[in-house]
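# A look at the structure
Spelled out from the first residue to the last, the chains are:
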Amino acid sequence: MERLENKVALVSGAASGIGAAVVDRLVEEGATVVAADIAEIEDGVICDVTDPESCAAAIAETLERHAQLDILVNVAGIGAGNRIEDVTPQEWRKLIEVNLTGTFFLSQAALPALLETTGAIVNMASLSGIRGTPYNAAYSASKGGVIALTKSMAVELASTGVRVNAVCPGAVNTPFLSDYHLPEDADMTLLQRSMSPMGGLVEAVEVAAAVAYLASDEAASVSGTTLEIDGAASA
Ligand SMILES: NC(=O)c1ccc[n+]([C@@H]2O[C@H](COP(=O)([O-])OP(=O)(O)OC[C@H]3O[C@@H](n4cnc5c(N)ncnc54)[C@H](O)[C@@H]3O)[C@@H](O)[C@H]2O)c1
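Residues numbered from 1 in each chain as written. Predicted model: local features only at pLDDT ≥ 70, side-chain atom pairs only at ≥ 80, totals over all residues. Heavy atoms only, no water.

Helices and strands together make up the secondary structure of the chain, namely seven helices and seven strands. Going from N to C terminus, the chain has its helices and strands arranged as β-α-β-β-α-β-α-β-α-β-α-α-α-β. Seen along its three principal axes, the alpha-carbon backbone of the chain occupies a region of about 55 × 35 × 35 Å. A total of 235 residues make up the chain; the buried ones form 47% of that total. (Helix = DSSP H or I, 4+ residues; strand = E, 2+ residues; numbered from the N terminus. Buried < 20%, exposed > 50% of the residue type's maximum accessible area, 1.4 Å probe, protein only.)

Pasting the structure below:
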């Protein structure tokens, strides 16, 4: 099904994991996709989402190449596992800066173009933004912030027709997960709170499918929502 024919999308965090899967899925559905990341991608654009000028440049490059922007998918993000008392000020600031501030900066830069096309934004939140997860204070706060940002933008933009939604995956099988290290002597019983009762990990393609739906006109009345993809972990 070519649900996204004639749509132009920009995907941040597109060099790896979920972002790369979202690019593939949107292309499969007929969209023209610009892949953006702080890391280099063939035919992509370099974008550091923490830098408003870099965000503006990525949007300008997208418009230069394709003359319109219909879909923004904010996937760029980082994680870190640490006990509350061991989180350094730098670590706290970096997590919030990339995951939350970066989502806002790129959305803000994209908004004029999205208003022209009555476009859609899909943000990457997390189960950790809904359910308390241990050793994850900064990350959880950043993703809870992404959910609040999503709702605030959805309401403010409702009369324009621009839609803003978020997906909240549980543990997804990507390099993000293999790079994640728990503190020594972590309490595994606390970690069980965020494990899926269905067992196993979510695949990046499942998250990409949810993003494609929310970005498509089939979700024309869906805005300000969070779609959990977590095997009932948040239920
Ligand atoms: N993997 C999981 O279990 C999981 C679960 C829930 C939510 N998420 C969220 O999904 C998103 C993608 O995660 P992933 O698993 O694909 O991780 P990943 O590490 O595979 O990919 C993250 C990408 O973001 C890019 N990035 C990092 N900082 C950036 C910056 N400042 N500007 C632009 N790009 C930057 C990286 O270069 C990388 O390509 C993140 O926001 C993450 O928090 C992941």
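So, on to the site of the ligand. Around the ligand lies a shell of 28 residues, among which Ser-16, Ile-18, Asp-37, Tyr-139 and Thr-174 are the nearest. Contact distances for the ligand include 2.5 Å between an oxygen atom and a side-chain N or O atom of Ser-16. Within the side chain of Thr-174, one N or O atom sits 2.5 Å away from an oxygen atom of the ligand. Burial of the ligand by the protein chains amounts to 92% of its free accessible area of 830 Å². Within the residue set of the shell around the ligand, elements represented by two or more residues are α1 (17-28), α4 (137-157) and α5 (175-178). Counting residues per element, the shell around the ligand draws most heavily on α5, which supplies three residues. (Near = heavy atom within 4 Å. Polar contact = N/O pair within 3.5 Å; in protein donor to acceptor, adjacent residues only side chain to side chain. Areas by Shrake-Rupley, 256 points an atom, 1.4 Å probe, with all protein chains shown as cover.)

Turning our attention to the packing of helix α3 (residues 89-117) against α4. Two elements in contact, α3 and α4, have axes whose closest approach is 7 Å; the angle formed by their N-to-C orientations is 20°. The orientation of α3 with respect to α4, classified from their angle, is roughly parallel. In the packing of α3 onto α4, the handedness of the crossing is right-handed. When α3 is examined against α4, the residues Trp-92, Leu-95, Ile-96, Asn-99, Leu-100, Thr-103, Phe-104, Ser-107 and Leu-111 are found in contact with a partner set consisting of Ala-137, Ala-138, Tyr-139, Ala-141, Ser-142, Lys-143, Gly-145, Val-146, Leu-149, Met-153 and Leu-157. (Axes fitted to C-alpha atoms, helices over the stretch in contact; angles between N-to-C directions. Parallel < 35°, antiparallel > 145°, perpendicular 65-115°, else oblique. Left-handed = near helix turned anticlockwise from the far one by under 90°. Contact = heavy atoms within 4.5 Å.)

Of note, the phi angle at Ala-67 is positive, near 70°, even though the residue is not glycine. With respect to the element layout, Ala-67 can be found in the loop between α2 (52-66) and β4 (71-74). Residue classification places Ala-67 among the exposed residues on the basis of a relative accessible area of 65%. The phi angle at Thr-118 is positive, at roughly 50°, despite the residue not being glycine. Note that Thr-118 resides in the loop between α3 and β5 (120-124).

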